[in-house]
Amino acid sequence: METTDAFVGLECDDCGAVVDAEAGSHRCPDCAGWLEPTYDYDAIDLDRETLADRSFDSQWRYAELLPFPREAAVTTNEGATPLVDCPQLAAELGVDRVFVKDESRNPTGTSKDRGASVAVTAAALCGATDVALPSTGNGGQAVAAYAGRAGLDAHAYLPSRSGFTNKAMVNVHGGDMNVVGGRFDEAVGAFEEGLAEHDDWYSLRAFETPYRHEGAKTLFYEIAEQLEWAVPDVIAYPTGTGTGLVGLAKAATELEELGLIADLPALYAAQVSGCAPIVEAVDDDRDEHEPVEHPDTICGELEIPDPAASPRVLDAIRETDGGAIATDDPDVLEAAVRVAQATGLEMSPSAAASASGAWELAERGTFDGDETIVIVNTGSGNKEADVLRSHLMGQGI
Ligand SMILES: *Cc1c(COP(=O)(O)O)cnc(C)c1O
Ligand SMILES: [Zn+2]
């Protein structure tokens, strides 16, 4: 298996055993704990000048900090998305600067492409023929795209309320599209049945594969480099399973360890009131979430009532001195419209939870006024233009 020089293998989160990446890919063989890619950071020779000399063309420009070399990658040049200066938002939030990290410009329109690229690369290098995952929608679309490129069959399980674009595009990419009645938990159940029936399926479920949140790291490398290594005070990220937030935290500690940045950004999980298990755990100062019994939100990507990796998400928040914030669906939709009108950028409803969360933080007096804030636009407004438009209809527009 082709791996990068500093990549050591997969370390068990629970017992610390290190598994060779060729021998294992999901769960620790000793204790069934989650596996995490681990590196020999002393062996990584990466400085600011070296990176500045590379073209800003794909997340794989950071391959030294990923398990696989660029030559082996299944990639459509995802990542390398713009960090857009938004002085209009800075004025409204009462801070020094606001940037939107515009992940909508990824190949399938969301930040999911980063993890999908790395995880499908792993599956292909492991000799998989089939990949499978449960998804709220965007993850299924992204995996179908990369699996198609690699010549693998993708089996996606989406709840019936997923967006039409996601369902349509899984099919367009040649994936096996399973629409499951009910919500995300039912999709997970159907996925688990499918996986049990096919021992040759390679799971790409969030966190079950160590490589999706690993791919999410590159988002922070880019932000740090785009800000010329000045770390933003706050990064607001719309949070469902937590792959994004966990990836951001790992990336920030890596760059600190490599001496490329001096401190960590405060990471904020943005959720919605109808499904906010992480926010509730932070507010109650717990180490783990309690499942939400009746999740209900228009932000489908955030309707994850039982995020199994919550201890890791909560660690990411505490290690970076961040926080968690939930706002209501109507406020999230209003934030998407406000951002579109003030900045020209298009956010999907789920993505706009980060903008709505930033507004709420400002209203609560969290900011002093000299901060630099990054709002991550995880997904394209185009994918759910109908939802955004009907919000305006509700206002008679
Ligand atoms: C998946 C997704 C999220 C949530 O990301 P997690 O890594 O699951 O927390 C947020 N916004 C959009 C648009 C997504 O597709
Ligand atoms: Zn273990």
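Since the model is a prediction, treat every value here as computed from it, not as a measurement. Residue positions are counted from 1 within each chain, in the order its sequence is given. By the order in which they are written, chains take letters starting at A while ligands take numbers starting at 1. Restriction of local features to residues with pLDDT of at least 70 applies here, the model being predicted, together with a cutoff of 80 or more for giving and counting side-chain atom pairs; totals for whole chains, interfaces and linings are based on all residues. The side-chain numbers reported here are obtained from all heavy atoms of the structure, hydrogens and water having been left aside.

Asker: Which residues make up the coordination of the zinc ion (ligand 2), and what values go with them?
Answerer: Water is not among the atoms examined, so metal sites may look incomplete; donors are the N, O and S atoms within 2.8 Å of the metal, or within 3.2 Å for Na, K and Ca. Every protein donor of the zinc ion (ligand 2) is accounted for by C12 (SG), C15 (SG), C28 (SG) and C31 (SG), and the metal-donor separations fall at 2.3 to 2.4 Å. In these descriptions, tetrahedral denotes four donors with every angle between 85 and 135 degrees, square planar four donors and octahedral six donors with opposite donors over 155 degrees apart and the rest between 65 and 115, and irregular any other case. The coordination sphere of the zinc ion (ligand 2) comprises four donor atoms, whose angles at the metal cover 96 to 118°; the geometry is tetrahedral. Here the donor residues for the zinc ion (ligand 2) map to a single chain with the spacing C-x2-C-x12-C-x2-C. Residue C15 is found in the loop between β1 (7-12) and β2 (18-19), and its partner C28 is found in the loop between β2 and β3 (35-39); the two are separated by 13 residues along the sequence. Numbering of helices and strands runs from the N terminus, with a helix taken as a DSSP run of H or I at least four residues long and a strand as a DSSP run of E at least two residues long.

Asker: Residues and numbers for the pattern of salt bridges, please.
Answerer: Each reported salt bridge corresponds to a side-chain nitrogen of Lys or Arg within 4 Å of a carboxyl oxygen of Asp or Glu. Scanning the entire structure with this criterion turns up 26 salt bridges. When the shortest N-O distance is used, the salt bridge between R312 and D13 registers 3.5 Å. One end of the pair, R312, is in helix α10 (residues 310-319); the other, D13, is in the loop between β1 and β2, with 299 residues separating them in the sequence. Burial here depends on accessible area, computed with a 1.4 Å probe over protein chains only, as a share of the maximum for the residue type. Under 20% is buried, over 50% is exposed, and the range in between is partly exposed. Judged by relative accessible area, which is 38%, D13 ranks as partly exposed. For the salt bridge of R338 with E92, the shortest nitrogen-to-oxygen distance reads 2.5 Å. On the criterion of sequence distance, the pair formed by R338 in helix α11 (residues 329-343) and E92 in helix α2 (residues 87-93) is long-range, its members being 246 residues apart. Its relative accessible area of 32% is what places R338 among the partly exposed residues. Look at E92 and you get partly exposed, because its relative accessible area is 36%. The structure contains a network of salt bridges with shared partners spanning D13, E36, E214, K217, K250, E254 and R312.

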